[in-house]
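Read off the chains here:
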Amino acid sequence: NAGVMQNPRHLVRRRGQEARLRCSPMKGHSHVYWYRQLPEEGLKFMVYLQKENIIDESGMPKERFSAEFPKEGPSILRIQQVVRGDSAAYFCASSPGAGPHYEQYFGPGTRLTVT
Amino acid sequence: AQTVTQSQPEMSVQEAETVTLSCTYDTSENNYYLFWYKQPPSRQMILVIRQEAYKQQNATENRFSVNFQKAAKSFSLKISDSQLGDTAMYFCAFLRAGGTSYGKLTFGQGTILTVHP
């Protein structure tokens, strides 16, 4: 059973461009979480999605950021018009169910660098 | 809102010795979970150990054990017989058990642990 996959692993964008980060959850997992890790900091929750639904986006900036988890295909975190402050590592995690009884399995992260 | 604080930015230990990483948290919740995650240089987050707040017994996983003090809101990680492969950033994390928490983890700032040969 392959683990959580994220691509690309490294992404470089110029200011003003769009960044698209992909997350393929583990097989059988329909719950996805996105976290952001700024340099020298811990991970911060951004958004929680189930298939085709955004359940909690309380940690996501109101502008420029969006997330989706379609019925088919990976979950996508999109950042429009990137700025230097968006440079960070973005992790996704998946679980087979909601709630604390289900372990979250993390992907290797995507390191976004905005130049 | 919950907060998690790790007051030790960096720690070091000699191989085969024991080290303890500190974590405190603040919450008004009574039912919750606490975790320690390891992030090696590969950046892959790995679950080390978890503790359910309603369980008084401290969790253990092989060389890893916790000292959970609910009244003091303290959750330290003890690594015994440290190995070079334990070198990593360690994060303490909190999860509410009810309401709309789902799996939204709150992480501390992390502690960089270096194991010296």
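Use the structure listed above.
This structure is a prediction, so every number in the text was calculated from the model and none was measured.

### Remarks on the overall build of chain A
Inference 1: The number of helices and strands found in chain A is 0 helices and 11 strands.
Inference 2: Going from the N terminus to the C terminus, chain A shows its helices and strands as β-β-β-β-β-β-β-β-β-β-β.
Inference 3: A compact globule built from 115 residues would reach a C-alpha radius of gyration of about 13 Å, and chain A, at 13 Å, matches this within 12%.
Inference 4: Seen through its principal axes, chain A has C-alpha atoms that stretch 40 × 25 × 25 Å.
Inference 5: Relative to its 115 residues, chain A shows a buried fraction of 46%.
Inference 6: Sequence-distant contacts in chain A: of pairs separated by 6 or more residues, those separated by 24 or more amount to 53%.
Inference 7: Charge separation in chain A, taken as the distance between the mean sites of 16 positive and 11 negative side-chain charges, equals 7 Å.

### A closer look at the interface of chain B and chain A
Inference 1: Facing 21 residues of chain B, the contacting portion of chain A comprises 27 residues.
Inference 2: Approximately 1900 Å² of surface area, both sides summed, lies buried where chain B meets chain A, with 53% of it carried by carbon and sulfur atoms.
Inference 3: Of all residues in chain B, the largest losses of buried area upon contact with chain A belong to Arg43(B), Tyr102(B) and Lys104(B), amounting jointly to 35% of the total for that side.
Inference 4: The tally of links from chain B across to chain A stands at 1 salt bridge.
Inference 5: Residue Asp56(A) is joined to Lys104(B) by a salt bridge in which the shortest nitrogen-to-oxygen separation is 3.3 Å.
Inference 6: At the junction of chain B with chain A, the criterion picks out 9 residue pairs in polar contact (both at pLDDT 80 or more).

### Here we look at the sheet that holds strand S8 (residues 75–79) of chain A
All names here are of chain A.
Inference 1: Reading across the sheet, the 4 strands line up as S1-S3-S8-S7 and stay open at both edges, with antiparallel pairing between neighbours. The open sheet is flanked by strand S1 (5–7) and strand S7 (65–68), the only strands paired with a single partner. Averaged over all pairs of adjacent strands, the angle between their axes in this sheet comes to 15°, without regard to strand direction.
Inference 2: In terms of strand pairing, S1 meets strand S3 (residues 19–24) through 3 bridges, oriented antiparallel. The partner of Gln 6 across the bridge, within S3, is Cys 23.

### A look at the nonpolar core
All names here are of chain B.
Inference 1: Counting 25 residues, the largest nonpolar core has Tyr 25, Trp 36, Phe 75, Leu 77 and Tyr 90 as its most contacted members.
Inference 2: For this core, the secondary-structure elements that each account for two or more residues are strand S3 (19–21), strand S5 (32–39), strand S6 (46–52), strand S8 (64–69), strand S9 (74–79), strand S10 (88–96) and strand S12 (111–116).
Inference 3: Tallying contributions element by element places S10 first for this core, with 4 residues.
Inference 4: Non-local contacts of Leu 77, meaning those with residues more than four positions away in its chain, are made with Val 19, Thr 20, Leu 21, Trp 36, Ile 49, Phe 64, Ser 65, Val 66 and Tyr 90.

### Section: the pattern of salt bridges
Residues and elements named next belong to chain B.
Inference 1: Per the counting criterion, the structure on display carries 8 salt bridges over all chains.
Inference 2: The shortest N-O distance in the salt bridge between Glu 29 and Arg 96 comes to 3.2 Å. Within this pair, whereas Glu 29 is found in the loop between strand S4 (24–26) and S5, its partner Arg 96 is found in strand S10, the two being separated by 67 residues in sequence.
Inference 3: Accessibility expressed as a relative area gives 28% for Glu 29, which makes it partly exposed.

### A few points about the state of the cysteines
Residues and elements named next belong to chain A.
Inference 1: Across all of its chains, the model carries 2 disulfides over all chains by this definition.
Inference 2: The disulfide partner of Cys 23 is Cys 92, and the gap between their sulfur atoms is 1.9 Å. Sign of the S-S torsion, about 75° for the bond between Cys 23 and Cys 92, identifies this disulfide as right-handed. Here the residue Cys 23 occupies a position in strand S3, and Cys 92 occupies one in strand S9 (residues 88–95), the gap between them amounting to 69 residues. A single burial state applies to Cys 23 and to Cys 92, both of which are buried.

### Let's talk about the side chain of Gln39(B)
Inference 1: Residue position: Gln39(B) is located in strand S5.
Inference 2: At 3.2 Å, the side chain of Gln39(B) forms a polar contact with the side chain of Gln37(A).
Inference 3: Only 3.2 Å separates the side chain of Gln39(B) from the backbone oxygen of Arg43(B), close enough to count as a polar contact.
Inference 4: Leave out the neighbours within four places in its chain, and Gln39(B) touches Gln37(A), Phe91(A), Gln44(B), Met45(B), Ala88(B), Met89(B) and Phe91(B).

The rules we used
Residues numbered from 1 in each chain as written. Chains lettered and ligands numbered in written order. Predicted model: local features only at pLDDT ≥ 70, side-chain atom pairs only at ≥ 80, totals over all residues. Heavy atoms only, no water. Helix = DSSP H or I, 4+ residues; strand = E, 2+ residues; numbered from the N terminus. Rg over C-alpha atoms; globule rule 2.2 N^0.38 Å. Buried < 20%, exposed > 50% of the residue type's maximum accessible area, 1.4 Å probe, protein only. Contact = heavy atoms within 4.5 Å. Lys, Arg positive; Asp, Glu negative; His and termini not counted. Charge placed at Lys NZ, Arg CZ, Asp CG, Glu CD. Buried area = accessible area lost by both parts, 1.4 Å probe. Salt bridge = Lys/Arg side-chain N within 4 Å of Asp/Glu carboxyl O. Polar contact = N/O pair within 3.5 Å; in protein donor to acceptor, adjacent residues only side chain to side chain. Pairing = 2+ DSSP bridges. Axes fitted to C-alpha atoms, helices over the stretch in contact; angles between N-to-C directions. Core = buried A, V, L, I, M, F, W, Y, C linked by side-chain atoms within 4.5 Å. Disulfide = S-S within 2.5 Å.

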